[in-house]
Amino acid sequence: MHRATAAGRPGRQIVGRSLEIASLPLLLVLWQVLAMHYGNRLFPTPVDVAGRIAELTTAEKLVPDFAKTLGRAAVAFVLSMIIGSAIGIVMGRVRWLDRLFGGWLVVGLNLPAIVIAIVLYIWLGLTEFALILAVMCNKIPLVATTIREGVKSFSHDLDELAVAFRMPFLRRLRLIFVPQLMPFVLASARTGLSLIWKIVLVFEVLGSDGGVGFRINIFFQFFDVTAILAYTVVFIAVIVIIEYGVMRPLEHKVSGWRSVRA
Amino acid sequence: MALGPRVKVDVVLKRFEGTGEPLFANLSFEVEPGSVVALVGPSGVGKSTLIRMIAGVDRRFEGMITVGGLPASEAPPAGLVFQDSRLLPWLSAIDNLRAVRPETSRDEARHWLDRVGLSGSGDALPDQLSGGMQRRVALARALSVNRGFLLLDEPLVSLDRHLVTELQNLFAELIAAEGSTALLVTHLAEDAARLADRTLLLEGRPARIVADRHFPVARQDRTAPEIARLTSLLSGEAKELTP
């Protein structure tokens with residue numbers, strides 16, 4: 001006798017899936033209706049914005065700008081996840097280190113992003129390194145905190161199980177430690193991605209030699225809302241692709257067993 | 001047939017983790033190779049803690065516990081059943097067996113699951129199984145690890161009556177076939193009457209052995225009336241045992 005699970009209700013699943021699919025087109029329709037209603041050049045329609053995307057792409061501005069921003073975000077994201085996870089794991093396992101450095105995390109979490117960026121730009125100049133470092137300084141405390149809490153919540157019972165059956169370290173790591181850690185890694189990756197995009201853009205506005213934020217700042221000088229929205233739409237499209245193409249499949253792969261429990 | 005290991009328990013002092021109150025003081029006993037000892041006593045007396053100490057999981061005590069001449073924590077793993085099922089929720093039943101003993105093939109894992117009445121549930125995740133079924137996966141895991149030494153902490157709790165009898169018979173058969181040494185914590189007098197050669201009744205704080213009963217009739221020679229007589233005797237002797 002197996003328990004009934006959410007997977008056993010296909011009707012509800014189809015309705016839920018249809019609502020998810022209809023969500024973004026509904027937003028576009030609403031946008032089109034409102035823009036047509038107001039009819040102002042500062043509030044362009046989605047069709048205008050689509051045209052501008054095509055124009056900016058052929059002018060070879062959009063792709064290089066996105067490549068630059070995505071590259072910065074990717075480097076900052078990967079480094080932040082690695083360093084933040086390592087700090088979080090150590091603080092989650094070693095109580096005295098957690099006590100000693102817990103306050104630092106609170107400080108890090110509450111330092112305004114803009115302050116970090118300005119200070120690092122003053123100290124290091126308007127360099128690529130300063131920008132990525134500033135993003136990392138914002139992100140690492142968040143990753144470390146999430147991972148630390150995750151590690152603290154690990155099951156002591158499963159540690160005992162591993163000891164009782166004399167499981168070697170690597171096996172313990174793979175079968176007990178990593179599966180418990182992964183939901184927290186994914187949670188911090190997801191919040192981290194959305195945060196990093198935004199911070200990178202702000203920092204590019206503040207000072208950089210290219211990228212989406214840099215370009216939006218230029219459009220701002222000319223009140224070119226259509227171009228700003230063109231960049232924004234592409235930006236969101238990239239995020240949606242990453243969310244549905246990478247994050248969700250990954251989440252399903254490593255946390256699929258949780259849906260059985262739900 | 002080679003018998004299981006000899007277990008020697010010499011605990012000078014073991015304290016409660018939280019309060020520091022002594023749980024065991026000068027507790028000593030020995031379990032002969034190939035014999036089965038049932039530990040009985042009131043809740044909270046320390047039976048499960050003692051099992052965890054013998055399994056080498058709990059090392060925070062003064063004294064020495066040896067299994068086959070080795071300190072408990074260095075001895076090969078026992079076929080251990082914890083008081084709870086303690087399965088890895090992200091692994092199927094089969095993989096739960098293989099997780100603790102990688103040498104176990106999928107077929108072998110399936111065989112052990114069949115033996116505890118879980119044919120066809122090998123690919124199910126623990127959360128897809130009922131509490132009783134999870135318990136049986138834990139039993140199968142212990143049996144698959146067993147190389148002559150079993151530590152069973154309330155192994156048949158939360159199981160249906162007919163399954164209890166079936167699994168008691170399975171344990172009896174496997175313990176006899178392997179010549180296993182086993183320690184069994186139970187509140188079921190019938191478990192002890194059917195499976196054990198000897199019962200140790202623990203009581204008090206710090207806990208001490210207040211009764212050490214060796215059964216005169218060998219396990220394999222016990223008839224149903226003999227088991228019924230022992231069950232009744234044990235439940236009369238230790239009020240925490242239910243028939």
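Small disclaimer: the values here were computed from a predicted structure and weren't measured.

What counts and how
Here the residue index of a chain counts from 1 through its sequence in written order. Labels are handed out in written order, letters beginning with A for the chains and numbers beginning with 1 for the ligands. At least 70 in pLDDT is required for a residue's local features to be given in this predicted model, at least 80 for side-chain atom pairs to be given and counted, and no such filter applies to totals for whole chains, interfaces and linings, which use all residues. With hydrogens and water set aside, each side-chain value is computed from the structure's full complement of heavy atoms. Secondary structure elements follow DSSP: runs of H or I of four or more residues count as helices, runs of E of two or more count as strands, with numbering from the N terminus. Residues count as neighbours in contact if any of their non-hydrogen atoms are within 4.5 Å of one another. Accessible surface is estimated by sampling points in the Shrake-Rupley manner with a 1.4 Å probe; for residues, cover comes only from the protein chains shown. Positive residues here are Lys and Arg, negative ones are Asp and Glu, while His and the chain termini are left out of the count. A single reference atom marks each charge: NZ on Lys, CZ on Arg, CG on Asp, CD on Glu. For two strands to be treated as a pair, DSSP must find at least two bridges joining them. Relative accessibility under 20% of the residue-type maximum defines a buried residue, over 50% an exposed one, and the middle range a partly exposed one, all with a 1.4 Å probe and only protein chains included. Only one rule defines a salt bridge in this text: a Lys or Arg side-chain nitrogen within 4 Å of an Asp or Glu carboxyl oxygen. Buried area adds together the accessible area that both of two parts lose upon being put together, with accessible area traced by a 1.4 Å probe. Definition of a polar contact: a pair of N or O atoms within 3.5 Å, with one able to donate and the other able to accept a hydrogen when the atoms are protein atoms, and with sequence-neighbouring residues admitted only if both atoms are side-chain atoms. Classes in brief: Ala, Val, Leu, Ile, Met, Phe, Trp, Tyr, Cys and Pro nonpolar; Asp, Glu, Lys and Arg charged; the others, Gly included, polar. Aromatic rings from Phe, Tyr and Trp, with only the six-membered ring used for Trp, were paired whenever their centres fell within 6.5 Å, and each pair was classed as stacked if the ring planes differed by under 30 degrees, edge-to-face if by over 60, and tilted otherwise. By the criterion adopted, a ring carries a charge over it if an Arg CZ or a Lys NZ lies within 6 Å of its centre and within 35 degrees of its normal. It is the directions from the helix axis to the C-beta atoms whose arc is reported. What goes into a patch is any residue over 30% in relative accessible area without a salt bridge, connected to like charges within 9 Å or, for nonpolar side chains (Val, Leu, Ile, Met, Phe, Trp, Tyr), within 5 Å.

Asks: Help me out: how do you make sense of the overall build of chain A in this one?
Replies: Counting its secondary structure elements, chain A contains ten helices and zero strands. Across chain A, every contact between residues at least 6 apart in sequence was considered, and the portion connecting residues at least 24 apart equals 73%. Entry remark: accessible area of chain A is about 14900 Å², with carbon and sulfur atoms responsible for 71%. Across chain A, the centroid of the 26 positively charged side chains sits 10 Å from that of the 16 negatively charged ones.

Asks: I keep staring at the sheet that holds strand β1 (residues 7–15) of chain B and nothing clicks. Help me out?
Replies: Pairing between the strands of a sheet comes from backbone hydrogen bonds, and it takes one of two forms, parallel or antiparallel. Residue and element names in this part refer to chain B. Strand order in the open sheet formed by four strands is β2-β1-β4-β5, and the pairing between neighbours is antiparallel. Looking at strand neighbours, the two that pair on one side only are β2 (22–31) and β5 (70–71), the edges of this open sheet. Bridge count between strand β4 (residues 62–67) and β5: two bridges; the pairing is antiparallel. Looking across to β5, one finds that Thr66 is bridged to Pro71.

Asks: Can you help me understand the environment of Leu152(B) in this one?
Replies: All names here are of chain B. Structurally, the position occupied by Leu152 is in strand β7 (residues 149–153). For Leu152, a relative accessible area of 1% puts it in the buried group. Between the alpha carbons of Leu152 and Leu183 there is a distance of 6.2 Å; along the sequence they are 31 residues apart. Apart from residues lying up to four places away in sequence, Leu152 is in contact with Gly79, Val81, Phe171, Leu183, Leu184 and Val185.

Asks: Honestly, the pattern of salt bridges in this entry has me stumped. Any pointers?
Replies: Once the charged atoms of two side chains with opposite charge are near each other, the side chains can pair. Residues and elements named next belong to chain A. Evaluated as defined, the whole model comprises 38 salt bridges over all chains. A salt bridge links Arg52 to Glu55, with the nearest nitrogen and oxygen atoms 3.2 Å apart. You can see Arg52 and its partner Glu55 sitting in helix α2 (residues 46–58), three residues apart, about one turn around the helix. By relative accessible area, Glu55 is classed as partly exposed at 47%.

Asks: Where do I start with the interface of chain A and chain B in this structure?
Replies: Many descriptions give the size of an interface as the accessible area lost when the pieces come together. Of the residues lining the interface, 20 residues belong to chain A; the matching set on chain B comes to 36 residues. For the pair chain A and chain B, the two sides together bury roughly 2500 Å², of which 62% comes from carbon and sulfur. Taken together, chain A and chain B are joined by three salt bridges. Between Arg86(B) and Glu160(A) there is a salt bridge, with the nearest N and O atoms lying 2.7 Å from each other. In this structure, the connection of chain A to chain B is made through nine residue pairs in polar contact (both at pLDDT 80 or more). If you list the elements that add at least two residues to the side of chain A that touches chain B, you get α7 (156–164), α8 (169–206) and α10 (225–261) of chain A. The element that contributes the greatest number of residues to the side of chain A that touches chain B is α7(A), accounting for six residues. Residues belonging to the side of chain A that touches chain B are distributed by class as follows: twelve nonpolar, two polar and six charged.

Asks: Would you take a moment to explain the environment of Gly117(B) for this structure?
Replies: Along the chain, Gly117(B) turns up in the loop between α3 (106–115) and α4 (131–145). We classify Gly117(B) as partly exposed; its relative accessible area is 42%.

Asks: Got a minute to help me understand the packing of aromatic side chains in this structure?
Replies: The geometry of an aromatic ring pair is captured by the separation of the ring centres together with the interplanar angle, meaning the angle of the planes. The final tally for this structure, using the stated rule, is eight aromatic pairs over all chains. These aromatic residues form a ring-pair network of at least three members: Phe66(A), Trp197(A), Phe219(A), Tyr231(A) and Phe235(A). Between Arg86(B) and the ring centre of Phe82(B), over which it is positioned, the NZ or CZ distance is 3.9 Å.

Asks: Looking at this structure, I do not really get helix α9 (residues 212–221) of chain A. What am I missing?
Replies: Turn by turn, an α-helix covers 3.6 residues, leaving residues three or four places apart pointing in a common direction. Residue and element names in this part refer to chain A. Along α9, the residues that are buried comprise Val212, Gly213, Arg215, Ile216 and Phe219. Viewed along the axis of α9, the buried residues span an arc of 160°, placing them on a single side of the element. One or two residues past the end of α9 sits Phe223, with phi positive at roughly 50°.

Asks: Can you help me understand a nonpolar patch on the surface in this one?
Replies: All names here are of chain A. A surface patch of nonpolar side chains, amounting to about 880 Å² of accessible area, comprises Ile114, Val115, Ile118, Ile122, Trp123, Leu124, Phe129, Val202 and Leu206. Mapped by element, the contributors of at least two residues to the nonpolar patch are α5 (113–124) and α8. Broken down by element, the residue count for the nonpolar patch peaks at six residues, all from α5. By the secondary structure assignment, Ile122 is in helix α5.

Asks: Teacher, can you tell me more about the environment of Pro112(A) here?
Replies: Along the chain, Pro112(A) turns up in the loop between α4 (95–110) and α5. Each C-alpha atom of the pair Pro112(A) and Tyr38(A) lies 37 Å from the other, and the pair is 74 residues apart in sequence.

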